[in-house]
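# Geometric and topological summary
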Amino acid sequence: MASMPTPLGMLGLRSNPDGLCEVGLLADDAPTCRPTDPLLLETMRRVEAYFAGATADFSDLPLAPEGTAFQHRVWAALRAIAPGHTRRYGELAAELGTAPRAIGGACRANPLLLVVPCHRVVASGGDGGFMGAAHGPWPQRKQQLLAHEQKHFRA
């Protein structure tokens, strides 16, 4: 386990022998913990570069998130959304032969914040919710991430 401060809050990172399995927010008072695991160190380096506006590339990190086959299909589609761009829930649903709510459920279950960019999926009438919340700090974080990517990574 590792943890690091970011503009979103304290991020926790966890890996297993197969790859990165969790990147999520911790309590704000969680201590910073630098790992010795090379994968976690590299992930932390890329997260720091992401927030510095230098890169948004997490594509070659080995991933090992727990999830259903359907969730893995959705997460693979999310990874194909370029930084600074968005897709609508309905667009992804049509592409994957499912319903927009199912896409939202897979986004909510995403254990790899930033690395699997669920924040790049938006509602037809605005940004939409984030991590299962329609109001409060989560949608604000989504707006923060989208604005950051528009500023630094929009091609």
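Look a little higher up for the structure.
Residues numbered from 1 in each chain as written. Predicted model: local features only at pLDDT ≥ 70, side-chain atom pairs only at ≥ 80, totals over all residues. Heavy atoms only, no water.

Secondary structure summary: the protein contains five helices and five strands in total. In the protein, the succession of helices and strands from N to C terminus is β-β-β-α-α-β-α-α-β-α. For 155 residues, the compact-globule estimate of 2.2 N^0.38 gives 15 Å, and the C-alpha radius of gyration of the protein, at 15 Å, lies within 12% of that figure. In the protein, buried positions account for 45% of the 155 residues. Restricting to contacts in the protein with at least 6 residues of sequence separation, those with at least 24 account for 55%. Only carbon and sulfur atoms are counted for the fraction: they give 52% of the accessible area of the protein, which is about 7600 Å². Seen as two clouds, the 15 positive and the 14 negative side-chain charges of the protein have centres 7 Å apart. (Helix = DSSP H or I, 4+ residues; strand = E, 2+ residues; numbered from the N terminus. Rg over C-alpha atoms; globule rule 2.2 N^0.38 Å. Buried < 20%, exposed > 50% of the residue type's maximum accessible area, 1.4 Å probe, protein only. Contact = heavy atoms within 4.5 Å. Areas by Shrake-Rupley, 256 points an atom, 1.4 Å probe, with all protein chains shown as cover. Lys, Arg positive; Asp, Glu negative; His and termini not counted. Charge placed at Lys NZ, Arg CZ, Asp CG, Glu CD.)

Attention shifts here to helix H3 (residues 89-96). Helical periodicity: at 3.6 residues per turn, an α-helix aligns residues three or four positions apart in one direction. Those residues of H3 lying buried are Tyr89, Leu92, Ala93 and Leu96. Down the axis, H3 shows its buried residues gathered within 100° of arc, on one side only. Lining the buried residues of H3 we find helix H2 (69-79), strand S4 (87-88), helix H4 (100-108), strand S5 (121-122) and helix H5 (137-152). Two residues or fewer past H3, Gly97 is found with a positive phi of approximately 70°. (Arc of directions from axis to C-beta.)

This part covers the packing of aromatic side chains. One pass over the structure, following the stated rule, counts three aromatic pairs. With a centroid separation of 6.2 Å and 45° between ring planes, the pair formed by Tyr50 and Phe58 is classed as tilted. (Phe/Tyr/Trp six-rings, centres within 6.5 Å; stacked < 30°, edge-to-face > 60°.)

This paragraph deals with the nonpolar core. Counting residues in hydrophobic clusters, the biggest one holds 38 residues, and the most contacted among them are Leu78 and Ile103. For this core, the secondary structure elements donating two or more residues are strand S1 (2-6), strand S2 (9-16), strand S3 (19-25), helix H1 (38-51), H2, H3 and H4. Considering every element that reaches this core, the biggest residue donor is H1, with six residues. Residue contacts for Ile103: discarding those within four places in its chain leaves Val74, Tyr89, Leu92, Ala93, Leu96, Thr98 and Val121. (Core = buried A, V, L, I, M, F, W, Y, C linked by side-chain atoms within 4.5 Å.)

On their own, these measurements won't tell you what the molecule is for.
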